[in-house]
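Reading the structure
So the chains spell out like this:
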Amino acid sequence: MAKITYKHPDGTETVVEVTAPNTVMRGAKLNGVEGIVAQCGGSAQCGTCHVYVDEGNTLPLPEMHEAEDDVLYGTASERRPTSRLSCQLPVSEAIDGLVVHLPPTQT
Amino acid sequence: MRDTGPVVVVGAGHAALETAAALRAAGHSRPVILVGAESEPPYARPPLSKGYLTGRVGTEELWLRPEGFFARQDVTAVLGDPVVEIDRDSDRVRLASGGRIAYGTLVLATGARPRRLSVPGADLDGVFALRSLRDARELRRALGAGGDVLVVGGGFIGLEVASAARGLGLRVTVVEAGPRLMGRAVTGTLSAHLAELHRAEGTRVLLDRELVALRGERGRVRVAELNDGTRLAADVVVVGIGVLPNTGLAAQAGLTTGNGVVVDRWLRTGDRNVYAIGDCARFPTPHAARPVRLESVQNATEQAACVAAALTGTRRPYTAVPWFWTEQCGVRVQMAGLTGQHDREVVAGSPAEGRFTVFCFRAGRLVGAESVNRSADHLITRRLLAAGGAGPAPDDVARPGFDLRRHLSPSA
Ligand SMILES: Cc1cc2nc3c(=O)[nH]c(=O)nc-3n(C[C@H](O)[C@H](O)[C@H](O)COP(=O)(O)OP(=O)(O)OC[C@H]3O[C@@H](n4cnc5c(N)ncnc54)[C@H](O)[C@@H]3O)c2cc1C
Ligand code: FES
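Residues numbered from 1 in each chain as written. Chains lettered and ligands numbered in written order. Predicted model: local features only at pLDDT ≥ 70, side-chain atom pairs only at ≥ 80, totals over all residues. Heavy atoms only, no water.

Residue and element names in this part refer to chain B. What surrounds ligand 1 is a group of 30 residues, the closest being Ala 15, Glu 38, Lys 50, Arg 131 and Asp 279. Within the contact set of ligand 1, an oxygen atom lies 2.9 Å away from a backbone nitrogen or oxygen of Ser 296. Among the elements of the structure, helix 1 (14–25) and helix 8 (297–311) are those that each provide at least two residues to the shell around ligand 1. Tallied by class, the residues present in the shell around ligand 1 amount to 14 nonpolar, 10 polar and 6 charged. Built from parts of two domains, the shell around ligand 1 gets at least three residues from each of domain 1 (7–113 + 244–312) and domain 2 (116–241). (Near = heavy atom within 4 Å. Polar contact = N/O pair within 3.5 Å; in protein donor to acceptor, adjacent residues only side chain to side chain. Helix = DSSP H or I, 4+ residues; strand = E, 2+ residues; numbered from the N terminus. Nonpolar A, V, L, I, M, F, W, Y, C, P; charged D, E, K, R; others polar. Domains from an automatic or database assignment.)

Dropping the structure here:
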């Protein structure tokens, strides 16, 4: 179980508890956090689950693989050094307390 | 247009759910009622022909929204009770159970149903279509029992099922009546590449061949006969020969239909209070010369958003760039734009290495792209098409070292 904070572009935030083996994307979908579209359902194809990991993050996240990197070149909101696809971020206790920022638009 | 009374959505699939969610996200406060024929809450169909069959994706991962969504969003969902009639004189729909629901605005999101096989033996046990979660559960069970699998139709669904079944170690044959795979949807270059991939995985791919009959034993399918006399062992037959839009209700209510419920740029039927979206709708688009009907999650989701915008006072025509994806043989295949009318193709990348994009042009203008394991090309093409600019010229793409990323201006 991990607590994940989704910060919305308007400054509000939603905090939810997500269990393994879900992803940060599923955590948003399961808890009705709007702002993550996830059209491809988590297969690193659509880029509509884009998030910015909080700048101050120190929690261990998996390395970005080639498919994710490729998709992040074409997301609707600009790519930044902190950009990730939330469907490629598995939830575990190791990322308890993760904060992600939702981009202004996903499509 | 009326702006009072409930918004009633017929169908509780992808487009319907997204309509409800988009209305509430925009702060719309009229009652919203979803009426669906299936008893399951709205779920994602794409995994049904992919990870769900192999067990990689579980049922709990299919639900599009959490359990409490409807209550929390104050959306009423009537499930397992199809709409059987629309009465436009009294602005009501009638349900199979006999109930009636009054609407201020009606949104038809009835989707499509599989085209049925019309050969002898088509109703034997072991013959499957794949549209619903229920279909997928049954097919998954049948594949689990092993044996010879025959896939009829080399389109998206057929090929995804073939790939999943091979992944489970089954013997798989695909029979396609046309000269190439996914003939209606993709270029010859991509067709040929996919055929090679499927064959390399050990799937038998038979082109230009038609199924003429299925023969069974004790009611179960055993053998398939093709038009060239070939007989194939078949314990499981999956029919993937396309779908037909569910237009019956609309037609009965006197709305114009013809390969879909006919709507205008705002996705409205001839009745100002009735919209149609998703797989069941045929609409004009700047991306094609003629009105089209599209079967994709992108189209369902973005049409839902467009209707929700119209109902919340930010009316805009539907102009979204169509895109599709499929997963077969472990590769990511993504298509942007409608490439049906192109006159020139230029390939960037390396088909031999399994990473390439076929860029399609009409009269020198980029109209679409098909990417295999090259998502950046796909996503950037979508953005270039949305921006309506010219994009790269065919000769640019043909130059060694071409990189589409350089064509994306920050504003596009
Ligand atoms: C196996 C499979 C794999 C797919 N893979 C992909 C993919 O990889 N990528 C992609 O983009 N798209 C894919 N699609 C297509 C995608 O799922 C559809 O385009 C999308 O679901 C369309 O949404 P919809 O709401 O229009 O229709 P649906 O999701 O089909 O929903 C329509 C609903 O309306 C109900 N209904 C019909 N008539 C009535 C009535 N009279 N009263 C009440 N309810 C009614 C139906 O039962 C159904 O539940 C796939 C589809 C299938 C079947
Ligand atoms: S859900 Fe599509 S890329 Fe993550």
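Don't stop here, the text continues.
A few words now on the UniProt feature "domain: FAD/NAD(P)-binding" (unreviewed entry) in chain B. The residues that UniProt annotates with the feature "domain: FAD/NAD(P)-binding" (unreviewed entry) are residues 7–304 of chain B. Annotated as residues 7–304 of chain B, this span is 24% helix and 26% strand, and its ends, taken at the C-alpha atoms, are 13 Å apart. (UniProt positions renumbered as here; feature names shortened; annotations may be inferred.)

This next bit is on the UniProt feature "domain: Reductase C-terminal" (unreviewed entry) in chain B. The positions UniProt marks with the feature "domain: Reductase C-terminal" (unreviewed entry) are residues 323–406 of chain B. Here residues 323–406 of chain B runs as 21% helix and 43% strand, with 22 Å between its end C-alpha atoms.

Residue and element names in this part refer to chain B. Along its sequence, chain B is carved into domain 1 (7–113 + 244–312), domain 2 (116–241) and domain 3 (330–407). Spacing between the C-alpha centres of domain 2 and domain 3 amounts to 30 Å. Listed per partner, the contact involves 9 residues of domain 2 and 14 residues of domain 3. Buried area between domain 2 and domain 3, both sides added, is near 840 Å², and the carbon and sulfur share of it is 71%. When the buried area of domain 2 at its contact with domain 3 is split by residue, Thr 187, Leu 190 and His 193 rank highest and sum to 53% of it. Summed over the shared surface of domain 2 and domain 3, the number is 0 salt bridges. Per element, the largest residue contribution to the side of domain 2 that touches domain 3 is 5 residues, and it comes from helix 6 (residues 188–200). Taken together, the residues that form the side of domain 2 that touches domain 3 break down as 6 nonpolar, 3 polar and no charged. (Contact = heavy atoms within 4.5 Å. Buried area = accessible area lost by both parts, 1.4 Å probe. Salt bridge = Lys/Arg side-chain N within 4 Å of Asp/Glu carboxyl O.)

This part is about the sheet that holds strand 3 (residues 75–78) of chain B. All names here are of chain B. The 5 strands are arranged 3-2-1-7-19 in an open sheet whose pairing can be described as parallel. Strands at the two margins of the open sheet, each flanked by one partner only, are strand 3 and strand 19 (274–276). This sheet shows a mean twist of 20° between the axes of neighbouring strands, independent of strand direction. Across 4 bridges, strand 2 (residues 32–35) lies against strand 3 in parallel orientation. Paired with Val 32 across the two strands is Val 75, which belongs to strand 3. Packed on one face of the sheet, helix 1 meets strand 1 (7–10), strand 2 and strand 3 and runs near 170° to strand 2. (Pairing = 2+ DSSP bridges. Axes fitted to C-alpha atoms, helices over the stretch in contact; angles between N-to-C directions.)

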